[in-house]
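# Commentary on secondary and tertiary structure
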Amino acid sequence: MKLIAAALAALLPCLAAGPEMDKGKTLGNPRAPVLIEIYSDFLCPACKAFHENTLPLLMKDFVTSGKVCIVSREFPLNITGHQHSREAAGIATAAARIGMYDAVANALFRTQESWEVSGKAWETAAAVLTADQQKKVQALAKDPAVLKEVQDDVAYGTAIGIGQTPTLFLSRGSTRYPVFGSALSYNLLKSMINDLLK
Amino acid sequence: MTFSNRTLRIAAVALRIALGAVFVYAALVKLRLPWQLFAGAIADYKILPDWAVNPLARTLPWAELAIGLLIAAGWWLRTAATAASLLLAMFVALMVRAYAKGMEISCGCFGPGELISWRTLLRDGTLLAASLAVTWTAFARSKKGTDSISRARKWGLSPFCK
């Protein structure tokens, strides 16, 4: 089934439009020619590596110059050891509503190993928020619209056969390519983006 | 195995066409996508040096396409089927190695996103068996003669107008 979904996504890239873009989770100009959607899980080590190593390079080479826009999507994996992933996704999505997604995402990835064990995802996020922001994010994390946004990302990712994180979608116009897992080295990813920009 | 049985002959042709179609499909899926995705899959096996990955990613799908078309059409069958068997044997060996090492990587067989598992091993193993069978029949057939007269006689037809 996964193979069929992956093959369909590969053969019919135009059909696979993702969920609506959350402006709070967007980096760069939304009108940039190339869009990269990143489906990740805050408890996935490969996502942490991507967030901390590859994302800054993408920012420097493509986002600041307005060539690429990056959107973060939530894909909390439903596997052993990732019990707190969905809660973290909800907190980060709530933080996005008040413009604090990056700060919360950075904190969650940076201290991944500690809250993976302790389950203190909220405390990790709260550490980078003011008291007023904490109240807002706590309330928003229970908002049905926020929960739906996370669920929509998960449902879409599942429907198109995402089985590993991070999974990227690179789009230009109606052309959309999936990059499953962290398979692509930065040089290959850069080359692929440059080809898309031509 | 002899080719006196018409059913067996038809099965052999069907197997040959199916194998060719699988190669063509695998090639088209890769060619439809940016070559960097296939390069990433090849690099993940950690077998080839970096300088060899990109040229291979750019050329292998074309080789698969050519092999698939030749096999399906029955042209240069011994060469194409031998090439297919060697390729598949190499793919299966690499996949078994990666699976045994516990590497959670995409097999790269039919585009991105399909992790190596016992299912992919079983599928590619079956393809290898099919390819070996096609190769074997190609050589067996050529021993018996591949010219149109021999083929017509095998099918119980006279190649000449009476």
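Residues numbered from 1 in each chain as written. Chains lettered and ligands numbered in written order. Predicted model: local features only at pLDDT ≥ 70, side-chain atom pairs only at ≥ 80, totals over all residues.

### Here's the deal with the overall build of chain A
Worth spelling out the cut-off: What counts as a helix is a DSSP run of H or I of at least four residues, what counts as a strand is a run of E of at least two, and both are numbered from the N terminus. We call a residue exposed when 12 or fewer other C-beta atoms sit within 10 Å of its C-beta, buried when the count reaches 20 or more, and partly exposed for counts in between; the C-beta positions come from the backbone. Contacts here follow a simple rule: the backbone-placed C-beta atoms of the two residues must lie within 7 Å.
In terms of regular secondary structure, chain A is built from 9 helices and 5 strands. Along chain A, helices (α) and strands (β) appear in the sequence α-β-β-α-β-α-α-α-α-α-α-β-β-α when read from the amino end. Expressed as a percentage of the 198 residues in chain A, the buried residues total 47%. Contacts in chain A between residues at least 24 apart in sequence constitute 77% of all its contacts with a sequence separation of at least 6.

### Details of the overall build of chain B
Scanning chain B from N- to C-terminus turns up 6 helices and 0 strands. Tracing chain B from N to C terminus, the helices and strands come up as α-α-α-α-α-α. Out of the 162 residues in chain B, the part that is buried amounts to 35%. Taking as baseline every contact in chain B between residues at least 6 positions apart, the subset at least 24 positions apart corresponds to 63%.

### Section: the sheet that holds strand β1 (residues 26-27) of chain A
Residue and element names in this part refer to chain A. The criterion, for reference: Any two strands with at least two DSSP bridges between them are considered paired. Lines fitted to the C-alpha atoms define the axes, with helices restricted to the stretch that makes contact. Angles between their N-to-C directions range from 0 to 180 degrees.
Taking strand neighbours across the sheet as the criterion, the 5 strands line up as β1-β3-β2-β4-β5 in an open arrangement whose pairing is mixed. Because the sheet does not close on itself, it has two edges, and the strands there are β1 and β5 (175-179). In this sheet, strand β4 (residues 167-172) lies alongside strand β2 (residues 34-40) in antiparallel orientation, the contact comprising 5 bridges. Pairing of E37 across the sheet is with F169, part of β4. Set on the sheet, helix α2 (residues 45-63) makes contact with β1, β2 and β3 (68-74); between it and β3 the angle comes to about 160°.

### As for the pairing of β5 of chain A
Residue and element names in this part refer to chain A. Where β4 lies against β5, 5 bridges are found, and the strand directions are antiparallel. Bridge pairing in β5 links L168 to V179. Here β4 folds back onto β5, and the loop between the two strands holds 2 residues, one of which, G173, carries a positive phi near 60°.

### Description of the confidence of the model for chain A
What counts, and what does not: The score called pLDDT rates the predictor's confidence residue by residue, from a low of 0 to a high of 100.
Model confidence for chain A is summarised by a mean pLDDT of 89, while 90% of its residues fall at 70 or above. Across chain A, helix α4 (residues 101-110) of chain A holds the top mean pLDDT of 97, while helix α1 (residues 2-11) of chain A sits lowest at 46.

### Observations concerning unusual backbone geometry
For the peptide bond that leads from T165 of chain A to P166 of chain A, omega is -5°, which places it in the cis range. By the secondary structure assignment, P166 of chain A is in the loop between α8 (144-159) and β4. Of note, K46 of chain B is a non-glycine position whose phi angle comes to about 55°, a positive value. Structurally, K46 of chain B is set in the loop between α2 (35-44) and α3 (50-73).

### Considerations on the pairing of β2 of chain A
One face of the sheet, then the other: side chains in a regular strand alternate in exactly this way. Residues and elements named next belong to chain A. Inclusion rule: The handedness rule is simple: strands pointing away from the viewer, and a clockwise path from the first strand over the helix to the second, make the crossover right-handed.
The buried fraction of β2 amounts to 7 of the 7 residues, a majority that puts the element mostly inside the structure. Alternating residues of β2 divide into V34, I36, I38 and S40 and L35, E37 and Y39, and every residue in both groups is buried. In terms of strand pairing, β2 meets β3 through 7 bridges, oriented parallel. By the bridge assignment, V34 is partnered in β3 with V68. With respect to chirality, the unit in which β2 leads through α2 into the neighbouring parallel β3 is right-handed.

### Describing the environment of Y156 of chain A
Residue and element names in this part refer to chain A. Structurally, the position occupied by Y156 is in helix α8. Note: C-alpha distance between Y156 and F75 (81 residues apart in sequence) is 9.4 Å. The contact partners of Y156, leaving out residues within four places of it in the chain, are G18 and P19.

### Structural notes on α2 of chain B
Counting buried positions over the 10 residues of α2 of chain B gives 9, a clear majority of the element. Buried residues along α2 of chain B sit against β5 and α9 (186-197) of chain A together with α1 (6-32) and α3 of chain B.

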